[in-house]
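Chain residues, written in single-letter form:
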Amino acid sequence: MRKWTIPFVLFLLCLIFLVPDQGRKIHANAEADSDAPVDPPKVEEKFGAVPNGLSTDSDVAKREAESMSRKTLRANAEKFEFQAEVSRLMDILINSLYSNKDIFLRELISNASDALDKIRFLALTDKEVLGEGDNTKLEIQIKLDKEKKILSIRDRGVGMTKEDLRKNLGTIAKSGTSAFVEKMQTSGDLNLIGQFGVGFYSVYLVADYVEVISKHNDDKQYVWESKADGAFAISEDTWNEPLGRGTEIRLHLRDEAGEYAEEYKLKELVKKYSEFINFPINLWASKEVEKEVPADEDESIDEEETSESTSSEEEGEEEEDAEKTEDEKKPKTKKLKETTYEWELLNDVKAIWLRNPKEVTDEEYTKFYHSLAKDFSDDKPMAWSHFNAEGDVEFKAVLFIPPKAPHDLYESYYNTKKSNLKLYVRRVFISDEFNELLPKYLNFLMGLVDSDTLPLNVSREMLQQHNSLKTIKKKLIRKALDMIRKLAEEDPDESNDKKDVEESSDDNEKKGQYAKFWNEFGKSIKLGIIEDATNRNRLAKLLRFETTKSDGKLTSLDQYISRMKSSQKDIFYITGASKEQLEKSPFLERLNKKDYEVIFFTDPVDEYLMQYLMDYEDKKFQNVSKEGLKLKDSKTKELKESFKGLTKWWKNTLASDNVEDVKISSRLADTPCVVVTSKYGWSAYMEKIMHSQTLSDASKQAYMRGKRVLEINPRHPIIKELRERVVNDPEDENVKLTAKLIYQTALMESGFELSDPKDFASHIYSNVKSSLNISPDATVEEEEEEAEEPETETKAEDSVTEDSEVKDEL
C-alpha cells in the first residue's frame, strides 16, 4: 500500500495542474470565436508621458475608438437584469423626474469626489494604494469628443471591482425600496438630490448609452454598459486604455443634448454646482494661440516690396540700404492662429468655510464674496460671519452683508422665490431655492451653508420638512442678527461715549458703516419685526430713526431710553410723510416746550411696524397724534368745567361730520385745535396709505378708520372768542359756520383728507368776501355773447380766396 501511495499523489498533482490549463485553453478558444481581439493592450513604459497619463499603440487606439463609437452591448459580456426598482426609477428619471437636466454633471462629479476621498482615506494607513506616477494625482478630468458626441468624466479614485459595478449600478444604493420609488412617483417636486446609487442614473437624461470603465487595486479593469433598456452588461476591459486606478464614465449624448458637448456649457455647470469640490477639476479645453512660422518666398518678396513703397522719401538712401541689409539677415516669418488643447483648471476658488476663521484674511473673504455673489466691483462686503455649528446637525456657514441692496429687493418682496443663500452638501452645490434656511426679511444676505449630515437621498419636498433644516434656520438667524449687531457696536458713530482719542485706520473704515447698512437694508429689519415674533426684541435693538433731538443723526431705542425724563413712562413717536412736515406738526408743540423727545417715523412700513412693536424694555409706545397722550396740567379740571358748554355745543354742531367728541387738549400750545384718532384706529397717515392702495375697498376699511376727536386749546384767543359767541347766541348760523370751518382747517392740519373739499372752499371764499367788504349777494359777471356769422358765407368766402390764389399762381 505504501508502495502505491507516492505515485498516486504525484498523479493527483499532475491532474490539478493540467485541468486549469486546459480550462484556459477552452476559454481562449471561446474568445477566439467571438469578435473581441485576443491580444492584450500594449502599454509603453513612459508612464504619464501624455495628458491622459498612459501612451497606447495604434492597435489599442483603434480598439478604443471602436469601443467608444459602439452603442451595443459587447457580445462576450456577462449580462444582468436591473433590479425592479431601478428599472422603474430609470423610467421616471428619463421621462419626468428632473426638471433640470444640468444636474447630471453635478452628480457625476460628486461621485468622483467621493471616490477620491475614499482612496485618500485609505492612503493614510497604506501609501502603496496610491501607486506611482499619475495615479498619485487625485483629480477629476473632463474630456469632450464633439464629433462623436461623447462626454467623458474620469477620476483617479478607489475604483470599483466587478462585484461593485454589479451592486452599485444595478441596484438603488441604500435607498432601493419600493416605497422610495412610490414616493417619487406621487411627489409633486421630484428634483432628487442623490447619492451614487440614485444620482448616477441622471446620466440617462442626456445619454442613450453609457459606459463605466473602472479599475480597482484588487481586481482587473472592467466595463459596465447599458442603454437604459432594463439590462446592463459587465465584461473584462480589453478594449480601452488601462486606467491604472479609478473610474471613467463615457456618456454617448442624445441628439437633443448637443449643448453638453460644448466647452462653455461644461465650464458654466462646474462653476455653478461643483466650484468648491476639494479636488482639482480639469477640462481638456481648446485654446487659440499665435505662432510664428517661416514665411514663403513669394510672401517675403511681397512684404519687401510693401515695406519699400511705404518707407519715407525723406530718409536717405544709405539708411534704406542699411535697413534692407538688416532685414535680409533676419529670417522672414508670419503669425498664424493655431488651436491647441490643454488641461484647464475650473475650480480655482478655495472653499474657505472649511478653514479656521482665524486663518482666513480679509482679502480672502472679499475675494470669496465676489466669487459667490458674481460681483465684479471693488466694493467690499459690509460684514461677514464665518462659523461652525455642532450638535445634532453639524454644518459650516459663511454669511455676508452686501455693500449695496439690489434695486428690486422690495419691489417683489412677497413674490420672489429666489434665495441668496446656497446649500452645499460635502462641498457640492445642491440648491439656492431653499427659502426655509433663512426668513424672507433676511434674503438680502449672501452666503452658503455646507452640511455633511443632511439626508440627501430624498426629494427636495421632503427635505424642506426635515427637522434638520429647522435647526439650521434657528442658528443662521441668530448668527445673522449677531453679525448686524456687531456691525453697529464697532461703528464709532454709534457709540455714546465720545472720547477725544486718535482714531485708528480700522475705526475710520468702520465709521458710518451701520448708517450705510440702515439706509440700504433698514426696511428689512422693520419687516422682520412684523414677521418674526420670536426675534422681535433682538430686531428692535437694531432699529434706527431720527428724533426731535438727534440733530439729523440716527438713534437707537436704547439711546432714546437713556435720554428719557425720569417722569416719562412712554416712548413718544409720530408718523408722517417726511421729517420736515412732522417738525411743524401741531402735535409736537407742548412736547417740545416740555423738552420731551419724539421719534420720527417717515417710512410707510412704519405704520405697519408700530402695530406689532407694542413695547420695548417695559416701555409702551405712544403715538402723539392719537388718544392716550397724558401730559400733566394743574388747571385741566378747571378748564374742562369752564369750556363744558362750548365742547357740548361744538359736538352737536359737528354731528354730521362723524366727530365722536370734543375735548380740552393737553398737547397744544400755539394751535387752536387738532383732530386725533382713537388709540387702536388708523392714524391720518395710515388712512392715506390705505386709500392709495390699488385694490383697496373703501367699504371694508370703514371699521378700521379711527373715531375722530376734536381737541381744542383753551388758552387760544380764537377758542376763547368762540366760547363767548356761543354763550351769547348758540343758534347763530355765522358762529356755526365758523366752528365748522375751524374743524375742517384742523382736520387738514392734522393730516386728514376732507370728505367735501368743495364745501370747505365755499366757506373760505365767503370769509374772503367778508374781509374784503364784498356783499354776500354779489354774483359773478356774466360773459357777453358774440354774434355768430353764418357758416355758409364763411365757406363761400374761403373758396373764392382759394380760387384767386390758384389764378395768381398760374
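Residues numbered from 1 in each chain as written. Predicted model: local features only at pLDDT ≥ 70, side-chain atom pairs only at ≥ 80, totals over all residues. Heavy atoms only, no water.

A. Region of interest: the overall build of the protein. Secondary structure summary: the protein contains 28 helices and 22 strands in total. Looking at the protein as a whole, 43% of its 810 residues qualify as buried. Sequence separation of at least 24 residues holds for 74% of the intrachain contacts in the protein that already meet a minimum separation of 6. (Helix = DSSP H or I, 4+ residues; strand = E, 2+ residues; numbered from the N terminus. Buried < 20%, exposed > 50% of the residue type's maximum accessible area, 1.4 Å probe, protein only. Contact = heavy atoms within 4.5 Å.)

B. The sheet that holds strand β12 (residues 421–425), seen in detail. Strand order across the open sheet formed by 5 strands is β10-β11-β14-β12-β13, with mixed pairing between neighbours. Here the strands that pair on one side only, and so sit at the sheet edges, are β10 (383–389) and β13 (428–431). When strand polarity is set aside, the average angle formed by the axes of neighbouring strands in this sheet is 20°. The sheet contact formed by strand β11 (residues 395–401) and strand β14 (residues 446–451) spans 6 bridges and is antiparallel. (Pairing = 2+ DSSP bridges. Axes fitted to C-alpha atoms, helices over the stretch in contact; angles between N-to-C directions.)

C. Highlighting the nonpolar core. Membership of the largest hydrophobic core comes to 76 residues, with the highest contact counts inside it found for F395, I401, F444, I472, L476, F517 and L591. Apart from residues lying up to four places away in sequence, L476 is in contact with F387, F395, A397, L399, L421, L437, L438 and V449. Ranked by size, the runner-up nonpolar core spans 69 residues in total, among them L105, A112, M160 and V206. (Core = buried A, V, L, I, M, F, W, Y, C linked by side-chain atoms within 4.5 Å.)

D. Local environment of helix α11 (residues 362–373). Over its 12 residues, α11 runs 16 Å from end to end, which matches the ideal 16 Å to within 8%, given 1.5 Å per residue. All buried positions along α11 are accounted for by Y365, T366, F368, Y369, H370, S371 and L372. K374 occupies a position one or two residues after α11 and carries a positive phi of about 55°. (Expected span 1.5 Å × (residues − 1).)

E. Broad picture of the packing of helix α25 (residues 717–728) against helix α26 (residues 733–749). It is the contact of α25 with α26, at a shortest axis distance of 10 Å, that shows an interaxial angle of 150°. Classified by the angle their axes make, α25 and α26 are roughly antiparallel. Along this stretch, α25 crosses α26, giving a crossing that reads as left-handed. Residues I718, L722, R725 and V726 of α25 lie in contact with α26, whose contacting residues are V735, A739 and I742. Each residue belonging to the contact of α25 with α26 can be placed in one class, and the counts come to 6 nonpolar, no polar and 1 charged. (Parallel < 35°, antiparallel > 145°, perpendicular 65-115°, else oblique. Left-handed = near helix turned anticlockwise from the far one by under 90°. Nonpolar A, V, L, I, M, F, W, Y, C, P; charged D, E, K, R; others polar.)

F. Summary view of the confidence of the model for the protein. Taken residue by residue, the protein gives an average pLDDT of 78. The fraction at 70 or more is 73%. Across residues 16–56 the pLDDT falls below 50, and counting only partners more than four positions away or on other chains, this stretch makes 48 contacts in the model. Counting interchain partners and residues more than four positions distant, the pLDDT-below-50 stretch residues 498–502 has 1 contact. (pLDDT = per-residue confidence, 0-100.)

G. Representation of the environment of S226 in the model. The topology assignment puts S226 in strand β5 (residues 221–226). The spacing of S226 and Y204 is 22 residues in sequence and 9.9 Å in space, taken between C-alpha atoms. At 2.8 Å, the side chain of S226 forms a polar contact with the backbone oxygen of A231. (Polar contact = N/O pair within 3.5 Å; in protein donor to acceptor, adjacent residues only side chain to side chain.)

H. Spatial organisation of unusual backbone geometry. If you check the backbone angles, D551 has positive phi at about 55° while not being a glycine. Residue D551 is classed as exposed on the basis of its relative accessible area of 71%. You will see that N658, though not glycine, has its phi angle at about 60°, which is positive. In this structure, N658 sits in the loop between α22 (644–653) and β20 (659–664).

I. Structural context of the pattern of salt bridges. Tallied over the entire structure, the rule returns 37 salt bridges. E490 is the salt-bridge partner of K486, the closest N and O atoms lying 4.0 Å from each other. On the basis of relative accessibility, which here comes to 47%, the residue K486 falls in the partly exposed class. Using a relative accessible area of 31% as the deciding quantity, one classes E490 as partly exposed. For K549, the salt bridge identified is with D595, shortest N-O distance 3.2 Å. A residue pair is termed long-range when its members are at least 10 positions apart, and K549 in the loop between β15 (546–547) and α17 (557–562) and D595 in the loop between α19 (589–593) and β17 (599–601) qualify at 46 residues. (Salt bridge = Lys/Arg side-chain N within 4 Å of Asp/Glu carboxyl O.)

J. Structural detail: the sheet that holds strand β22 (residues 708–712). Spatial strand order, β20-β22-β21: 3 strands in an open sheet with mixed pairing. Each having just a single partner strand, β20 and β21 (673–677) make up the two edges of the open sheet. Ignoring strand direction, the axes of neighbouring strands in this sheet form an average angle of 25°. Of the strand pairs in this sheet, β21 and β22 are connected by 5 bridges, and their pairing is antiparallel. What sits directly across from V675, in β22, is L710. Along the sheet, α22 contacts β20 and β22; its crossing angle with β20, the most-contacted strand, is approximately 160°.

K. Quick look at the pairing of strand β16 (residues 570–575). Counting buried residues along β16, 5 of its 6 residues qualify, which places the element largely inside the surrounding structure. Bridge count for β16 against strand β19 (residues 619–623) is 4 bridges, and the pairing is parallel. Directly across from D570, in β19, lies its bridge partner K620. Relative to β17, β16 runs parallel, the two sharing 3 bridges. If you follow I574 over to β17, its bridge partner there is F600.

L. Molecular detail of the packing of helix α4 (residues 103–123) against helix α8 (residues 263–273). Between α4 and α8, the shortest axis-to-axis distance is 10 Å and the interhelical angle comes to 65°. In terms of crossing hand, the pair formed by α4 and α8 is right-handed. Contacts from I103, L105, R106 and I109 in α4 reach L266, L269, V270 and Y273 in α8. Each residue belonging to the contact of α4 with α8 can be placed in one class, and the counts come to 7 nonpolar, no polar and 1 charged.

M. Region of interest: a nonpolar patch on the surface. Taken together, the side chains of I764, Y765, V768, L772 and I774 present a nonpolar region at the surface, about 460 Å² in accessible area. For V768, the position within the fold is in helix α27 (residues 757–771). (Patch = residues over 30% accessible without salt bridge, like charges linked within 9 Å, V, L, I, M, F, W, Y side chains within 5 Å. Areas by Shrake-Rupley, 256 points an atom, 1.4 Å probe, with all protein chains shown as cover.)

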